[in-house]
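Descriptive structure summary
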Amino acid sequence: GLVGVAVVVVLTLYSTATVRQNTYWKDGYSLFSHGVKVSPNSAIHRANYAHQLVLRNRLDEAMAQDREAIRLAPLDFGLLPEAVFAPEADLGWMYLLRGETQAAEEHLRKATRIQPKNPVGHMRLGYVLEKGGQLATALDAFGRAQELDSRNPFPHLARGNVFVKLRQDQDAIEAFQLALTLGPGIRAAYEGLIQALERQGRLDEARHWRAKLLELP
C-alpha cells in the first residue's frame with residue numbers, strides 16, 4: 001500500500017545517512033560522545049557521556065563532563081526517565097572512589113533531591129554514609145532504595161552489612177536471607193549470613209549455609 005511505498009522511499013533517501021549514524025551507535029560511548037560534539041549545550045548528552053567515561057574508569061574526564069552538565073541544566077534531570085543517571089549521582093560516586101566522603105555526600109544528596117525516585121542515588125548515598133560511619137542514616141538510604149526497587153537484592157545485602165557493623169545480628173540474618181531469596185548467587189550475602197549466625201551461636205545453621213556457599217559455581 002501507500003504506507004509501505006512511503007517507508008521504502010524514506011529508507012532509500014536516508015540509507016547513506018543511516019550507515020553513517022550506525023558508526024556512532026555501536027555502543028553508548030560512541031553515541032553519547034558524538035552527541036556531545038553535535039549538541040555541546042545538551043546537559044543530557046553530557047551526563048550520559050560522563051557515565052560512559054565512568055564505566056571506562058576515565059574519572060577526570062567524566063567529572064568534567066558532569067560538572068558541565070550541571071552548569072547547563074541543574075534541574076533538568078528530574079524530568080528524565082529513572083534509568084538516566086543524574087550527573088550529581090555520578091559525581092558523588094567518583095568522589096567516593098577517591099575517598100572524599102564529604103564531597104560525595106553533598107553531591108549524592110543533591111542527586112536524591114533531583115531524582116527522588118531513582119534508587120541508584122539512594123544506594124550510592126547509603127554507601128557514602130556507611131563509609132563515613134553514619135550507620136543509622138545509611139540504613140535509611142538503603143531502605144529507600146529497597147522501597148523503590150523491591151526486586152533488587154543489593155539493598156538488602158547493604159542493609160545486612162550495616163546491621164553486622166551495628167551487631168544487630170538477627171536483623172542482619174533477615175536482610176541477608178532476603179538478599180539470597182532475590183539473588184541466590186550472591187556470595188557476599190552467604191558470607192554475611194554465616195558470620196551473623198556464628199555470632200549468635202547458631203552453628204548448625206551456619207554450616208548449612210556454608211555448604212550451600214560451597215555449591216556455588
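As shown above, the structure is provided for reference.
The text that follows walks through the structure, step by step, so that each part is easy to find. Going along each chain's sequence as written, the residues are numbered from 1 onward. Given that the model is predicted, a residue must reach a pLDDT of at least 70 before its local features are reported, and side-chain atom pairs must reach 80 or more before they are shown or counted; all residues, however, enter totals for whole chains, interfaces and linings. Working from all heavy atoms in the structure, the side-chain values ignore hydrogens and water.

**Regarding the overall build of the protein chain**
Of regular secondary structure, the protein chain possesses 13 helices and zero strands. Going along the chain from the N terminus, every DSSP run of H or I of four or more residues is numbered as a helix, and every run of E of two or more is numbered as a strand. Mapped in sequence order, the helices and strands of the protein chain form the string α-α-α-α-α-α-α-α-α-α-α-α-α. Note on contacts: a residue pair is in contact if any heavy atoms of the two residues lie within 4.5 Å. Contacts in the protein chain between residues far apart in sequence, at least 24 positions, make up 47% of those at least 6 positions apart.

**A look at the pattern of salt bridges**
For this document, the term salt bridge refers to a Lys or Arg side-chain nitrogen within 4 Å of an Asp or Glu carboxyl oxygen. Summed over the entire model, instances satisfying the criterion amount to 12 salt bridges. The partner of Glu-105 in a salt bridge is Arg-109, and the shortest N-O contact between them spans 2.9 Å. Taken together, the residues span about one helical turn, with Glu-105 and Arg-109 both in helix α7 (residues 101–114) at a distance of four residues. Across the pair Lys-110 and Glu-106 runs a salt bridge whose closest N-O atoms are separated by 3.7 Å. Pair noted here: Lys-110 and Glu-106 are both in helix α7, with a separation of four residues, about one helical turn.

**Concerning the nonpolar core**
Throughout, nonpolar core names a set of buried Ala, Val, Leu, Ile, Met, Phe, Trp, Tyr and Cys residues whose side chains join them through atoms within 4.5 Å. Partly exposed residues are those whose accessible area sits between 20% and 50% of the maximum for their type, while under 20% is buried and over 50% is exposed, using a 1.4 Å probe and protein chains only. In this structure, Met-94, Phe-176, Ala-189, Leu-193 and Trp-209 are the most contacted members of the largest nonpolar core, which totals 49 residues. If near-sequence neighbours (up to four positions away) are discounted, Leu-193 is found in contact with Ile-173, Phe-176, Gln-177, Leu-180 and Trp-209.

**Looking at helix α6 (residues 87–97)**
When you tally the buried positions in α6, you get nine out of 11 residues, the bulk of the element. Taken as a whole, α6 has its buried residues at Pro-87, Glu-88, Ala-89, Asp-90, Leu-91, Gly-92, Met-94, Tyr-95 and Leu-96.

**Focus on unusual backbone geometry**
A negative phi angle is the norm for most residues apart from glycine, just as the trans form is the norm for most peptide bonds. One non-glycine residue, Asn-57, lies in positive phi territory at about 65 degrees. Despite not being glycine, Arg-167 shows a phi value in the positive range, around 60 degrees. Within the secondary structure, Arg-167 sits in the loop between α10 (154–165) and α11 (169–182).

**So, the side chain of Glu-130**
By the secondary structure assignment, Glu-130 is in helix α8 (residues 119–131). A polar contact is formed between the side chain of Glu-130 and the side chain of Lys-165, at a distance of 2.8 Å. Apart from residues lying up to four places away in sequence, Glu-130 is in contact with Leu-135, Ala-138, Phe-142, Asn-161, Val-162 and Lys-165. Under the rule applied, a polar contact is a pair of N or O atoms within 3.5 Å (in protein, one hydrogen donor and one hydrogen acceptor; residues adjacent in sequence only if both atoms are side-chain atoms).

**Notes on the environment of Ala-104**
Structurally, Ala-104 is set in helix α7. Classification of Ala-104 as buried rests on a relative accessible area of 0%. Contacts of Ala-104, omitting those with residues within four sequence positions, involve Gly-92, Tyr-95, Leu-96 and Val-128.

**What about the packing of aromatic side chains?**
Geometrically, a pair of aromatic rings is defined through the distance of the ring centres and the angle of the planes. In this scheme Phe, Tyr and Trp rings, the latter by its six-membered ring, pair at centre separations within 6.5 Å, and the angle between planes marks the pair as stacked below 30 degrees, edge-to-face above 60, and tilted otherwise. Throughout the structure, instances matching the rule amount to four aromatic pairs. Among the aromatic side chains, those forming a connected cluster through ring pairs are Trp-93, Tyr-127 and Phe-142.

**Looking at the environment of Tyr-95**
With respect to the helices and strands, the residue Tyr-95 is situated in helix α6. Each C-alpha atom, one on Tyr-95 and one on Glu-106, is 9.9 Å from the other, the two residues being 11 residues apart in sequence. Every residue in contact with Tyr-95, bar those within four places of it in the chain, is listed here: Met-63, Arg-67, Glu-100, Ala-103, Ala-104 and His-107.

**Here we look at the packing of α6 against α7**
Between two packed helices, both the angle of their axes relative to each other and the distance between the axes serve to describe the pair. Taken N-terminus to C-terminus, the directions of α6 and α7 make an angle of 160 degrees; their axes are 7 Å apart at the nearest point. On the basis of the axis angle, α6 is roughly antiparallel to α7. For α6 against α7, the interelement crossing comes out left-handed. Each of Glu-88, Ala-89, Leu-91, Gly-92, Trp-93, Tyr-95 and Leu-96 in α6 lies in contact with α7, whose residues at this interface are Thr-101, Ala-103, Ala-104, His-107, Leu-108, Lys-110, Ala-111 and Ile-114. Polarity classes work like this: nonpolar for Ala, Val, Leu, Ile, Met, Phe, Trp, Tyr, Cys and Pro, charged for Asp, Glu, Lys and Arg, and polar for all others, with Gly in that last group. Looking at side-chain class alone, the contact of α6 with α7 contains 10 nonpolar, three polar and two charged residues. Every angle, taken between N-to-C directions, lies between 0 and 180 degrees, and every axis is a line fitted to C-alpha atoms, over only the stretch in contact when it is a helix. Relative orientations are named as follows: roughly parallel for angles under 35 degrees, roughly antiparallel for angles over 145 degrees, roughly perpendicular for angles from 65 to 115 degrees, and oblique for any other angle. The hand of a helix crossing depends on one turn: near helix anticlockwise from the far one by less than a right angle means left-handed, and clockwise means right-handed.

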